[in-house]
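Close look at the chain arrangement
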Amino acid sequence: MIEKSSHVSRRRYEREQKARAEAEKLLEEKSRALYLANEELNDRSDKLEEAVVARTIELQLALEQAKAASIARSRFIATMSHEIRTPLGGMLGMIDLLVLDEECEEKTELLNYAKTAGSSLGRIVNDVLDFSKMDAGVFVHEDENVDLRALIEGIQILAQANPDFPNRQINCHIAEDVPQLFVGDASRIRQVISNLVSNAIRYSTDGPITISAHSEDHPKGALLTLEVRDHGIGIPEDKFPDLFKDFSQVANSLTAKAQGAGLGLAICKRIMDSIGGKIDVESDYGEGSKFWFELPIEVTVSDSSADIASQAAPAVVLDGKHVLLAEDNVINQMLITRYLTRLNMSVELAENGRIALDKFNPDTFDVVLIDIAMPEMDGLEATKRFREKWVNHTIPPIVALTAHVLDAIEEDVSIVGIDRVLTKPILFEEFETELNSILSTAAVSMDAMSEQPEEARSIVRLPAGLSKELFSYFLPKELEELSQKFVNDGKAKASDISQALEEGDYVTAKSHAHSLRGSSLSLGFNDLAGLAKKVEELPEPFQLTVAQELAGQISLKVTEVEESFAPSSELPS
C-alpha cells in the first residue's frame, strides 16, 4: 500500500515537473516574442521619428522656398513697376507741359490724343501689376485712420479735373451716420471708389454721377455702404455674373472707347473680399447702373457732418511757397521743377537724400518732395533722419514721389513718417490738386493750435509723433488727455499681452494686441501698431522667445511715447 502511494506521488511529481517545464518554455517563448515585438516597435518608432524629422525639414525647406519665391515675385513686380512707370511718367509729364504751352489747335489735338493713349496705357499697367500682385500673394493691406469725406472729396476733385471728360457733374451725399474716422486700408478703399467713379464716367456720356454713403450698426462697429450711380447705358442682367471676372468686359458701344483691360472690377472684388467687404451691382439696361459695396469698419471718431464742403480745409495759395525737391532722375527733376514753376512756387533741388538732409531747414521750406529710390541716401533714410534731427511738429509735410508699387514700401513709409505718397506718373492737374490738399491739411493743424490762447498752449504737453489730423478734431487740452489715457491703457495692454503670451492664451493676447493696434493707429503711432499687428499674426503654437521679445518691444515703445511728451509751446503757432 505504501509502495503504491509512493508510485502515485512520483507520477504526480513528474507531471508537475513536466507542466512546470512546459510553462517555463511557454513563458520563455512569450518573453522572447514580447522582446522581439518591443525591439520592432522601438525600431519603427525610431524610423517614424526620423521620417517626421525628415518631413518637417522638407516642409520647412518648402516654406522657405515659397517665402523666397514670394519675396522674389514682390521684388520683381516692384522693380517692373518702377522701371515701367518712371519713363511713362516722364513721357506723360512732358506731353502735359507741351499741351499747356501749345497754341496751335491741330498740334494740341494730337498731343491730347497722345496724352489720352498714355493715360490709358498707365491705367492698364497699374491694373496688370495689381492683378499680378494678387496672384503672387504679395498684395499688402495696411490699416490706418480713414476719413471717408476727405477721401471722396479728393476723388471728386480729380475726376472733375479730368480733361478727357470735361464738365461731368459728380455729386456726393454722405449721411451723418458715417463716422468721421475709422480704421481701414485707405489706399485700397480709395482704389475701389476711384475705379467705380472712373467706370461711371467712361461708360456714360451725360447725366450726373452720384456718390453716396451711409452706415448702420454692426458688431465690429459700423457697416459702411457706399454707392456709385450713373445714368449711362446700363448692363443687361444676364451679364452681371461676368462683370467681376478677370479680363472680362461687357460689349457695348462705349467699351472700345474706354480702353480697359477688363481687370478693374475684378481687382475691386478681390480687394473687397480680402478686407471683409462685399461688392455688387444693380442696373436697368438703357437707364444706368449702381455699383455698391458694404464694408464692416471699426470706428475711431464718430462725430461727423453731412456736408463735405463744411469739412473741407481752407484753400491754400501755392504762390510763393518754397519746396525742397529731392530727385535723382534728370527727367523727373525737369518735370517736377516745371510743374512747381508753373504754380509760381520756388524750388531747391537736391540730387539725393544726403544733399536734401544738408539743405533742409524747418523754417525754410513749406513742403518736401522726396523720391524713394536715390543713390547715396534714399528717401526713406533721409526722412528718418529728418525726424531724428528736428522736432516732429516743426517739420513741414514730407511727400514721397515714387514709381514703386505702393505695397512694397507702404510699411516703411509709415514707419519713417512720410505724410503722403504720390505715385508716378503724376499729371499736372493731379499734382496741383494733391499739393493743395497736402498744404491745406497742414494749415488746418497749425490753425487749430494758433486759435488757442498762448497760456493754454504753453501748459499742454503732447507726445512726439501724434497724428497731425487729430488737431482738426480735438483741442490741445483734449489731445493731452487722450494721449495720457492712451499711454496708461497702452501700459496695461502691454502687460496683459505679456502675461497672456506666457500662459499660452493665444486668443486673449491677440485680442489685447488688436485693441492696442486700433488705438495706436488712431493717434498716429504706426510703429507701435506694427508691433501689435505682429502679435496678432503670430502662428499657433508660437515660439515663446519670439513672443516675449515682441511683448518687450511693445512695452518699450509705449514707454518711448510716454517719455516723448513735450510742452505744446514747441509746436508751430
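Attention in this report is confined to the structure presented alongside it. (Residues numbered from 1 in each chain as written. Predicted model: local features only at pLDDT ≥ 70, side-chain atom pairs only at ≥ 80, totals over all residues. Heavy atoms only, no water.)

As for the sheet that holds strand 8 (residues 322-326)
Spatially, 9-8-10-11-12 is the arrangement adopted by the five strands of the open sheet, whose pairing is parallel. Of all strands in the sheet, those bounded by a partner on one side alone are strand 9 (346-350) and strand 12 (420-423). For this sheet, the mean angle separating the axes of adjacent strands, direction not counted, is 20°. Of the pairings in the sheet, the one linking strand 10 (residues 367-371) to strand 11 (residues 398-402) comprises four bridges and is parallel in character. (Pairing = 2+ DSSP bridges. Helix = DSSP H or I, 4+ residues; strand = E, 2+ residues; numbered from the N terminus. Axes fitted to C-alpha atoms, helices over the stretch in contact; angles between N-to-C directions.)

Points about the packing of aromatic side chains
For the structure shown, the criterion picks out eight aromatic pairs. Between Phe360 and Trp390, the ring centres sit 4.8 Å apart and the planes meet at 75°, which makes this aromatic pair edge-to-face. Pair noted here: Phe360 is in the loop between helix 9 (353-359) and strand 10 and Trp390 is in the loop between helix 10 (379-389) and strand 11, with a separation of 30 residues, a long-range link. Trp390 carries the same exposure label as Phe360, and that label is buried. (Phe/Tyr/Trp six-rings, centres within 6.5 Å; stacked < 30°, edge-to-face > 60°. Buried < 20%, exposed > 50% of the residue type's maximum accessible area, 1.4 Å probe, protein only.)

Concerning the pairing of strand 5 (residues 221-229)
Among the nine residues in strand 5, seven count as buried, and that is most of the element. Across nine bridges, strand 4 (residues 209-218) lies against strand 5 in antiparallel orientation. Across the sheet, Thr210 pairs through a bridge with Arg229, a residue of strand 5. The hairpin turn running from strand 4 into strand 5, its antiparallel successor, is two residues long.

A word on unusual backbone geometry
One non-glycine residue, Asn344, lies in positive phi territory at about 60°. When you line up the elements, Asn344 lands in the loop between helix 8 (330-342) and strand 9. Asn344 sits in the partly exposed class, given a relative accessible area of 48%. Look at Glu376: it is not a glycine, yet its phi comes out positive at around 70°. Within the fold, Glu376 resides in the loop between strand 10 and helix 10.

Concerning a negative patch on the surface
Where like charges cluster on the molecular surface, the negative patch consists of Glu176, Asp177, Glu216 and Asp217. Within the secondary structure, Glu216 sits in strand 4. (Patch = residues over 30% accessible without salt bridge, like charges linked within 9 Å, V, L, I, M, F, W, Y side chains within 5 Å. Areas by Shrake-Rupley, 256 points an atom, 1.4 Å probe, with all protein chains shown as cover. Salt bridge = Lys/Arg side-chain N within 4 Å of Asp/Glu carboxyl O. Lys, Arg positive; Asp, Glu negative; His and termini not counted. Charge placed at Lys NZ, Arg CZ, Asp CG, Glu CD.)

Some words on the pairing of strand 9
Sheet topology places strand 8 next to strand 9; five bridges connect them, and they run parallel. From the neighbouring strand, Leu324 faces strand 9, where its bridge partner is Glu348.

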